[in-house]
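Coordinate analysis (summary)
Listed here are the chains, written in short residue letters.
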Amino acid sequence: MSDSPVVPHHIAIVMDGNGRWAKRRFIPRLAGHKQGVDSLKRCVRACVERGIGVLTVFAFSSENWNRPADEVSGLMELLALALGREVPQLKKDGVRLHFVGSREGLSSKVREGLDAAEAVTAHNTRLILNVCFNYGGRWDIAHAAAQLASRGEAITEASLHAAMGMSHVPDPDLIIRTGGEMRISNFLLWQAAYSELFFSECLWPDFDEAALDEALQAYRSRERRFGKTSEQIAPVHSQSMPG
Ligand code: IPE
Ligand code: IPE
Ligand code: MG
């Protein structure tokens, strides 16, 4: 018995495991990241088909700058390349792109690519795709608080939410992390307050429709209580239980 809607409105994914996927094949890590882009394309299609309204993915964390310089520059190149190649199709498919994260430290080429992709898809309504790039949950909270402080505004839950990078969408119903690690790694710290969590052993490049459906199936079996009791959530069900 579950009170969750059948399909989550907003899914967020920590796309982890590209490096291990490549290592197992004795190929460079960057080849794993390239395969990760294809996996994301497949995932976007699958979300559209399943009627999901918002997909948020973690693509590059504030801490990922600490990786070897060639991997960081390779990831930046890959983003610019993927934008150039994929945005026309995303536009056709009704996907609206948002980039969430700091633009500081990004090259002007990458920044222009992000701006153009957002502008070109701004009128789409089928699926909102938030790409968290150069993003950290702590950065988001601190940045929002600094903005409010600089404007002399009161810091409340509502004002902080409004100043954060994900204010245009409701909080994620389901957060999936691939790659088998059971941690958040600075993703959506504020917005994850009542998200259902699902950890998949699948490495991100292998994450296909069946793996997504497994997470959706698990979500359907959850009871989201938001601090209430089970009886408050499903009164008819609990009254009909024996005893
Ligand atoms: C996730 O895959 C992608 C990024 C963090 C950019 P990883 O590169 O972290 O893959 P693993 O965890 O090393 O396998
Ligand atoms: C989280 O993965 C960030 C992204 C998927 C972009 P990491 O691979 O960076 O996380 P840790 O270092 O294993 O916690
Ligand atoms: Mg990783």
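Summary of the structure given here. In this convention, every chain numbers its residues from 1, walking through the sequence in written order. Labels are handed out in written order, letters beginning with A for the chains and numbers beginning with 1 for the ligands. Local features in this predicted model are restricted to residues whose pLDDT is 70 or higher, and side-chain atom pairs enter the listing and the counts only when it is 80 or higher, whereas totals over whole chains, interfaces and linings include all residues. Side-chain numbers here rest on the full set of heavy atoms in the structure, without hydrogens or water.

Topic: the site of ligand 2
Residues are labelled near a given molecule or strand when at least one of their non-hydrogen atoms is within 4 Å of it. In the neighbourhood of ligand 2, the contacting residues comprise Val14, Met15, Asp16, Phe58, Ala59, Phe60, Asn64, Arg67, Arg177, Arg183 and Ser185. For the purposes of these results, a polar contact is taken to be a pair of N or O atoms within 3.5 Å, where, inside protein, one atom must be able to donate a hydrogen and its partner to accept one; residues adjacent in sequence count only when each atom of the pair is a side-chain atom. Arginine 67 places a polar side-chain atom, nitrogen or oxygen, 3.1 Å from an oxygen atom of ligand 2. Areas reported here follow the Shrake-Rupley algorithm with a probe of radius 1.4 Å; residue values treat only the protein chains shown as occluding. When ligand 2 is considered free in solution it has 390 Å² of accessible area, and contact with the protein chains removes 78% of it. Numbering goes from the N terminus for both helices and strands, where a helix is a DSSP run of H or I of at least four residues and a strand is a run of E of at least two. Looking at the shell around ligand 2, the element that brings in the most residues is strand 2 (residues 54-61), giving three residues. Amino acids are sorted into nonpolar (Ala, Val, Leu, Ile, Met, Phe, Trp, Tyr, Cys and Pro), charged (Asp, Glu, Lys and Arg) and polar (every other residue, Gly among them). For the shell around ligand 2, the per-class residue count stands at five nonpolar, two polar and four charged.

Let's talk about the site of ligand 1
Within the structure, ligand 1 sits among Met15, Asp16, Gly17, Asn18, Gly19, Arg20, Arg29, His33, Ala59, Asn64, Arg67 and Leu75. Between ligand 1 and glycine 19, the relevant distance is 2.9 Å, taken from an oxygen atom to a main-chain nitrogen or oxygen of the residue. At 2.7 Å, a side-chain N or O of arginine 67 approaches an oxygen atom of ligand 1. In terms of residue count, the dominant contributor to the shell around ligand 1 is helix 1 (residues 18-24) (three residues).

Considerations on the side chain of serine 102
Within the secondary structure, serine 102 is located in the loop between strand 3 (95-100) and helix 4 (108-120). Here's how the labels work: a residue is buried when its accessible area is under 20% of the maximum for its type, exposed when over 50%, partly exposed in between, all with a 1.4 Å probe on protein chains only. When its relative accessible area of 14% is taken as the criterion, serine 102 is described as buried. Side-chain polar atoms of serine 102 contact the backbone nitrogen of glutamate 104, separated by 3.1 Å. Should any heavy atoms of two residues lie within 4.5 Å, those residues are considered in contact. With sequence-adjacent residues up to four places away left out, serine 102 is seen in contact with Phe133, Asn134 and Trp139.

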